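# Report on the structure
One letter stands for each residue in the lines below.
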Amino acid sequence: MSRARALDDADKLASHRAEFVEAPGVVAYLDGNSLGRPLTTSVARVETFLREEWGGRLIRGWDEGWLDLPLSIGDELGRVALGAAPGQVAIGDSTTVLIYKLVRAAVDARPGRTEIVIDRDNFPTDRYVVEGIAADRGLTIRWADTDAAAGVTPELVADLVGPQTALTLFSSVAYRSGFLADVEAITAVSHAAGALALWDLCHSVGVVPTELDAWGVDLAVGCGYKYLNGGPGAPAFLYVRRELQSEVRQPIQGWLGSATPFEMGQGYTAAAGIRGTLSGTPPIVGMLAMQDMIALLSSVGLEAVRAKSIALTGFAIELCDALLPTAALSSPREATRRGSHVTLDHPRFAEIMPLLWERGVIPDFRRPDGIRLGLSPLSTSFAEVEVGVRAIADVLGER
Ligand SMILES: *Cc1c(COP(=O)(O)O)cnc(C)c1O
């Protein structure tokens, strides 16, 4: 345990781990990339909100600031984690629904173009939404077949885009391998073909420094419950580049995205700017915990979070090499090309998952035979990584 201890002792962010709610019986939580842990401040925040704001202000709360939260928290998220100037980020709906809104909006903004480019290794919801819209609108999907270890590259995308491409949709960090794409370069390739670029940031937001404005990204979505610790089903966010906001019209025309919601009038006119991306009543309670994590990320800084993420994933790879020689590493060894999770494949992983859970070791399993170690930098210690990898090795060895 000495090397893990030395790493923890030298870790300037180590003390933040104590700010998260303890989970009884859990000795290694290695699934922060699927569901981040709650901050203890969020427990108090939710309770205070229920008692004082909801319970005390009742319906008046809507007039006293709740309606602004999707955009004000969005601005804060943009500043802290996305490199987005104010007025381009909104919180609301699930990632799935936001992908639907933006894919529809994007293909409508490129009339005459008939193709969407997406990779086969993208997260199922991304692919399914695109398949549905393509069927609906008579569009063709151009599938990128990625080498799982290499991920989506500018060269691969350049071979698939052309004068018919309306939109490209990729994940910044591949959910399976953890491959970190070159968002700026791939966006430039999409633009050179005249296409819009939509990025799914689910596995990078809050853990990989991102510069959407500077990188020229058009559209993006991401998840609130992974590295943003918003809690199960916390709302997602979207980004629409300012210059596109008058051009890109999302299809779910609801009253709260209209220019005059409280006039209850006839006929829909979209609100100007990012507010026009909203549809219905915002999920206020679901945004509370995310606010605490955004505040913590703001105080720590994304660069420091990324440095610890790289150290954690590097340590995990080192341990796997030493202790799990029969498992295959499916994540990039090169630190600059990985997100914050490490995936290993072994034909017996499915069978050992229940045994790991019994021991309080909780990694993530992805079919057919991948264990993902999702290392959320502010809530995960090096010792925890070692406990987890040793448990996997022990359980494999026992059977
Ligand atoms: C987690 C994840 C989603 C989740 O979508 P939901 O609508 O929240 O279920 C979507 N895309 C990617 C890449 C993800 O990792």
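What counts, and where the lines are drawn
- Residues numbered from 1 in each chain as written.
- Predicted model: local features only at pLDDT ≥ 70, side-chain atom pairs only at ≥ 80, totals over all residues.
- Heavy atoms only, no water.
- Near = heavy atom within 4 Å.
- Polar contact = N/O pair within 3.5 Å; in protein donor to acceptor, adjacent residues only side chain to side chain.
- Helix = DSSP H or I, 4+ residues; strand = E, 2+ residues; numbered from the N terminus.
- Nonpolar A, V, L, I, M, F, W, Y, C, P; charged D, E, K, R; others polar.
- Patch = residues over 30% accessible without salt bridge, like charges linked within 9 Å, V, L, I, M, F, W, Y side chains within 5 Å.
- Areas by Shrake-Rupley, 256 points an atom, 1.4 Å probe, with all protein chains shown as cover.
- Salt bridge = Lys/Arg side-chain N within 4 Å of Asp/Glu carboxyl O.
- Buried < 20%, exposed > 50% of the residue type's maximum accessible area, 1.4 Å probe, protein only.
- Domains from an automatic or database assignment.
- Contact = heavy atoms within 4.5 Å.
- Buried area = accessible area lost by both parts, 1.4 Å probe.
- Expected span 1.5 Å × (residues − 1).
- Pairing = 2+ DSSP bridges.
- Axes fitted to C-alpha atoms, helices over the stretch in contact; angles between N-to-C directions.

## Overview of the site of the ligand
Taken together, Ser 94, Thr 95, Thr 96, Phe 123, Thr 125, Asp 126, Ser 171, Asp 200, Cys 202, His 203, Tyr 225 and Lys 226 are the residues near the ligand. At 3.1 Å from a nitrogen atom of the ligand is found a side-chain nitrogen or oxygen belonging to Asp 126. Those elements giving two or more residues to the shell around the ligand turn out to be α4 (95-108) and α5 (124-137). Classifying every residue of the shell around the ligand by side-chain character gives three nonpolar, six polar and three charged.

## Section: a nonpolar patch on the surface
There is a patch of nonpolar side chains on the surface, built from Leu 50, Trp 54, Leu 58, Ile 59 and Val 285 and spanning about 500 Å² of accessible area. For Leu 50, a relative accessible area of 35% gives the class partly exposed.

## As for the domain arrangement of the protein chain
A common measure of how large an interface is: the accessible area buried when the components associate. Structurally, the protein chain comprises domain 1 (2-30 + 301-396) and domain 2 (47-297). Look at where the C-alpha atoms of domain 1 and domain 2 centre, and you get two points 28 Å apart. Domain 1 puts 27 residues into the contact, and the matching count from domain 2 is 24 residues. Summed over both partners, the interface of domain 1 with domain 2 comes to about 1,900 Å²; 60% of that surface belongs to carbon and sulfur atoms. Considering only the surface of domain 1 that becomes buried against domain 2, Leu 302, Arg 337 and His 341 emerge as the three largest contributors, covering 31% of it. Taken together, the links from domain 1 to domain 2 amount to zero salt bridges. Run the count over domain 1 and domain 2 and you get eleven residue pairs in polar contact (both at pLDDT 80 or more). Counting only elements with at least two residues in the side of domain 1 that touches domain 2, the list comes to α10 (302-323) and β10 (341-345). A total of five residues in the side of domain 1 that touches domain 2 trace back to one element, the largest contributor, which is α10.

## Concerning helix α12 (residues 382-398)
In this model α12 runs 24 Å from its N-terminal to its C-terminal C-alpha over 17 residues, within 8% of the 24 Å that 1.5 Å per residue would give. When we look at burial in α12, the residues that qualify are Phe 382, Glu 384, Val 385, Glu 386, Gly 388, Val 389, Ala 391, Ile 392, Ala 393, Val 395 and Leu 396. Tucked into the core, α12 has its buried residues touching α1 (2-10), β1 (28-29), α10, α11 (349-358), β11 (361-362) and β13 (370-374).

## With respect to the side chain of Ser 331
Along the chain, Ser 331 falls in the loop between β9 (328-329) and β10. With relative accessibility at 6%, the residue Ser 331 sits in the buried group. A distance of 2.7 Å separates a polar atom in the side chain of Ser 331 from the backbone nitrogen of Thr 343. The residues touching Ser 331, leaving out its near neighbours within four places in the chain, are Ser 177, His 341, Val 342 and Thr 343.

## A few points about the sheet that holds β13
Spatial strand order, β9-β10-β13-β12: four strands in an open sheet with antiparallel pairing. Bordering the open sheet on either side are β9 and β12 (364-366), each of which pairs with just one other strand. Here five bridges tie β10 to β13, and the two strands are oriented antiparallel to one another. Within β13, the position partnered with Leu 344 by the bridge is Ile 371. Across the face of the sheet, α11 comes into contact with β10, β12 and β13 while running at roughly 45° to β13.

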